[in-house]
Structure formats: structure tokens, C-alpha cells
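# Close look at the chain arrangement
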Amino acid sequence: QVQLVESGGGLVQAGGSLRLSCAASGRTFSTYAMGWFRQAPGKEREIVAAISVSGTNTYYADSVKGRCTISRANAKNTVYLQMNSLKPEDTAVYYCAAYRGAGALHVDSYVYDYWGQGTQVTVSS
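First, a word on what this report is: a plain description of the structure on this page. Along each chain, residues carry numbers from 1 onward, in the same order as the chain's sequence is written. pLDDT decides what is reported in this predicted model: residues at 70 or higher carry local features, side-chain atom pairs at 80 or more are listed and counted, and totals for whole chains, interfaces and linings draw on all residues regardless. With hydrogens and water set aside, each side-chain value is computed from the structure's full complement of heavy atoms.

## Description of the environment of V48
Residue position: V48 is located in strand β5 (residues 46-51). A relative accessible area of 1% places V48 in the buried class. Along the sequence, V48 and L4 sit 44 residues apart, while their C-alpha atoms lie 17 Å from each other. Numbered from the N terminus, helices here are DSSP runs of H or I no shorter than four residues, and strands are runs of E no shorter than two. Burial here depends on accessible area, computed with a 1.4 Å probe over protein chains only, as a share of the maximum for the residue type. Under 20% is buried, over 50% is exposed, and the range in between is partly exposed.

## What about the pairing of strand β4 (residues 32-39)?
In terms of burial, β4 is a largely internal element, seven of the eight residues being buried. Paired strands, in this sense, are two strands between which DSSP finds at least two bridges. Of the strand pairs in this sheet, β4 and strand β9 (residues 92-100) are connected by eight bridges, and their pairing is antiparallel. Pairing of Q39 across the sheet is with V93, part of β9. As defined by bridge partners, β4 adjoins β5 across five bridges and the pair is classed as antiparallel. Its bridge partner lying in β5, F37 is registered against I47. The turn joining β4 and β5, which pair antiparallel and follow one another in sequence, is formed by six residues; a positive phi near 75° is taken by G42.

What follows is the structure in C-alpha cells.
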């Protein structure tokens, strides 16, 4: 089992940057693919980015492609989401999630078994 704790959210002006971190418990972090999701008020949860077990493969939603970078440090049991050129429409609660397994990188939320509590990102115009 994995416990996930996000940090790094906050209030930022449009055009600014934030780096979200997700710290995972346990000694098997390197066997989990990781994803960042977000949910804005009144909207469904959506994938932002995902990264494979090894970090070789990544996925980005079209809405953040070119502005966000997902990375992982397996030695630190941590996954990051660097967000640049933030827009007001990026305002949401951001969740870190994990599922165990290699192979094709999944982006559907139902595949992810473990979730963090979320961190609020607010982008002012």
C-alpha cells in the first residue's frame, strides 16, 4: 500500500510558476506509475500528466502540454509537477495518484489505486 502526500500548491498570478511535489510512503515506489489529476469546481476530475515506473514514458493533457513537466525521483519516493505560464483556468485541486505496474501508461482515473488528499492551486488573473 502507498500513501501519497502532495505539497507545493498556492496562489499565483497568471504567467507564474509552481512546482507540486508528491511524497510517497513505502519501499516500492519505483514499482508504481504516477499521475497528476486536477478537479475544478463543478467539473470532473481530469488527467494532467502521468509518468511511467522508470520515468521513460510521460503523458500530458493537451491543455498543459508545453507548460508542465512531470518527473520522478525514485530514490526520494517523490514525483513532481512543474507548472509554468499558469493560467486562471489551471485553478483546481491537484491530486497525485498511483497504480502498480509497468507497461503501457494509463491515464484513466479508475486505473489509479492510490490517491493523495489534494493541494489547491489558484491562479489569479
